[in-house]
Amino acid sequence: MGKGGGCVSSKQKIPVSDQDPQTNIINTPIPVLKSRKIFIIFYSMYGHVELLARRMKKGVDSVEGVEGFLYRVPETLSNEILVQMKANRKGNEIPVMSSVSELVNCDGFLFGFPARFGCMAAQMKAFFDSTDELWRDQKLAGLPAGFFVSTGTQGGGQESTICTAVTQLAHHGMLYVPIGYTFGSEMFTMDSIRGGSPYGAGIFSGDGSRQPTDTELALAEHQGKYMASVVKRFAKPGNTHT
């Protein structure tokens, strides 16, 4: 070639180095997609709220990239009192949320509890009261959360119990996520008795012996799925947990 030639002699081939873009693409490990976590935290005396919680987990787990975790709140009543109240015996399958510091390790919440005169049960209120240190530092601010309830009667507070619970989220700076009428036509049917409202899934327990209807359970599963979709939409890209 002439002195001004732009070609490189075959004897002077440029070696492929680690800086080669295509080589970097091949050698760069593919990042593993980590699951978003939704904590389903509940109190259930006779088992009704627990049934809703389990169906909510099923709904959460049906959404790719999101996983639900069940937790009970600590019991505040003695075993003697619980026996007198004929409360359900709780197994060890679902762990107790004994340390509220664990709450910072998730991307969203679903809180469930029975109603007590239109407000949440004392056990759940005690749990929220124990989050004082997280509140001081606003560690839960911006996280989405929803509610589901159980009431003894049709006028027992399916909506008011959730409305009065929203104050707990407000002080933490959390985002309340109602389900609205996203459940579809089942929200408008009037031919059967069912719990639940646009505020969250619900169940009527009666004297404790009434079993949930298929619609009540389906609504709970829908809420889990709906919350999972919200968490995926609004969670920060880097805020993932293994």
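Position numbers for residues count from 1 along each chain, tracking the sequence in the order it is written. In keeping with the predicted nature of the model, local features appear solely for residues at pLDDT of at least 70, side-chain atom pairs appear and are counted solely at 80 or more, and the whole-chain, interface and lining totals rest on all residues. Hydrogens are left out, water is left out, and the side-chain values use all remaining heavy atoms of the structure.

> When you look at the overall build of the chain in this model, what are you seeing that I'm missing?
The secondary structure content of the chain amounts to seven helices and seven strands. Runs of H or I in DSSP of at least four residues are treated as helices and runs of E of at least two as strands, each being numbered from the N terminus. Going from N to C terminus, the chain has its helices and strands arranged as α-β-α-β-α-β-β-α-α-β-α-β-β-α. Counting the 242 residues in the chain, one finds 42% classified as buried. Considering only intrachain contacts with a sequence separation of at least 6, the fraction spanning at least 24 residues in the chain is 75%. When accessible area is computed with a 1.4 Å probe and restricted to protein chains, residues below 20% of their type maximum are described as buried, those above 50% as exposed, and intermediate ones as partly exposed. The criterion used for residue contact is that any of the two residues' heavy atoms lie within 4.5 Å.

> In this structure, what is going on with unusual backbone geometry? I would like to understand it.
Most peptide bonds take the trans configuration, and most residues that are not glycine carry a negative phi. Phi at phenylalanine 117 is positive, roughly 55 degrees, even though this residue is not glycine. Positionally, phenylalanine 117 belongs in the loop between β3 (108-116) and β4 (119-120). Here phenylalanine 117 falls in the exposed class, since its relative accessible area comes to 90%. Positive phi, normally seen in glycine, also occurs at glutamine 138, with a value near 50 degrees. Glutamine 138 sits in the partly exposed class, given a relative accessible area of 33%.

> Is there a simple way to explain the packing of helix α2 (residues 48-61) against helix α7 (residues 214-234) in this structure?
Simply put, an axis is a line fit to the C-alpha atoms, just over the touching stretch for a helix, and the angle between two N-to-C directions goes from 0 to 180 degrees. The contact between α2 and α7 brings their axes to 7 Å, and the two run at 45 degrees. On the basis of the axis angle, α2 is oblique to α7. In the crossing of α2 with α7, the sense of the turn from one axis to the other is right-handed. On the side of α2, the interface is formed by Leu51, Leu52, Arg55, Met56, Lys58, Gly59 and Val60, while α7 contributes Glu216, Leu217, Ala218, Ala220, Glu221, Gln223, Gly224, Lys225 and Ala228. Residue classes in the contact of α2 with α7 are distributed as eight nonpolar, three polar and five charged. For this classification, under 35 degrees means roughly parallel, over 145 means roughly antiparallel, 65 to 115 means roughly perpendicular, and everything else is oblique. For any pair of crossing helices, the crossing counts as left-handed if the nearer helix is rotated counterclockwise from the farther one by less than a right angle, and right-handed if it is rotated clockwise. Polar here means any residue outside two lists: the nonpolar Ala, Val, Leu, Ile, Met, Phe, Trp, Tyr, Cys and Pro, and the charged Asp, Glu, Lys and Arg; Gly therefore counts as polar.

> Please explain a nonpolar patch on the surface as it appears in this structure.
A patch is a set of surface residues, each over 30% in relative accessible area and not in a salt bridge, joined within 9 Å for like charges and within 5 Å for the nonpolar side chains Val, Leu, Ile, Met, Phe, Trp and Tyr. Methods summary: accessible areas were calculated by the Shrake-Rupley approach with a probe of 1.4 Å, and residue burial reflects only the protein chains presented. Counted as salt bridges are all cases of a side-chain nitrogen of Lys or Arg within 4 Å of a carboxyl oxygen of Asp or Glu. Taken together, Tyr46, Leu77, Ile81 and Met85 make up a surface patch of nonpolar side chains, about 290 Å² in accessible area. Within the element layout of this structure, methionine 85 appears in the loop between α3 (79-84) and β3.

> Before we go on, may I ask you to explain the side chain of glutamate 216 in this structure?
Within the fold, glutamate 216 resides in helix α7. For glutamate 216, a relative accessible area of 0% gives the class buried. Here the side chain of glutamate 216 touches phenylalanine 204 through a polar contact of 3.4 Å, landing on its backbone nitrogen. Excluding residues within four positions of it along the chain, glutamate 216 makes contact with Leu52, Arg194, Gly195, Gly202, Ile203, Phe204, Arg210 and Gln211. We call two N or O atoms a polar contact when they sit within 3.5 Å, provided that within protein one can donate a hydrogen and the other can accept it, with sequence-adjacent residues counted only if both atoms are side-chain atoms.

> Honestly, the pairing of strand β5 (residues 144-151) in this entry has me stumped. Any pointers?
If a strand is regular, its side chains alternate between the two faces of the sheet. With eight of eight residues buried, β5 is to be regarded as a mostly interior element. Covered by surrounding structure in β5 are Pro144, Gly146, Phe148 and Ser150 together with Ala145, Phe147, Val149 and Thr151, the residues of both alternating faces. Strand pairing is assigned whenever DSSP detects at least two bridges linking the two strands. Bridge count between β3 and β5: six bridges; the pairing is parallel. Following the sheet pairing, phenylalanine 111 is matched in β5 by phenylalanine 147. Note: β5 against strand β6 (residues 175-176), two bridges, orientation parallel. When the bridges of β6 are listed, proline 144 appears paired with leucine 175. The parallel pair β5 and β6, bridged by helix α6 (residues 160-172), forms a crossover whose chirality is right-handed. Seen with its strands pointing away from the viewer, a crossover is right-handed when the path leading from the first strand over the helix to the second is clockwise.

> Would you mind showing me how to read the pairing of β3 here?
With eight of nine residues buried, β3 lies mostly within the body of the structure. Relative to β3, strand β1 (residues 36-42) is paired through five bridges, and the arrangement is parallel. Bridged to isoleucine 40 within β3 is leucine 110. One ladder, built from two bridges, connects β3 with β4; its direction is antiparallel. Pairing of arginine 116 across the sheet is with cysteine 119, part of β4. Between the antiparallel neighbours β3 and β4 lie two residues, among them phenylalanine 117 with a positive phi of about 55 degrees.

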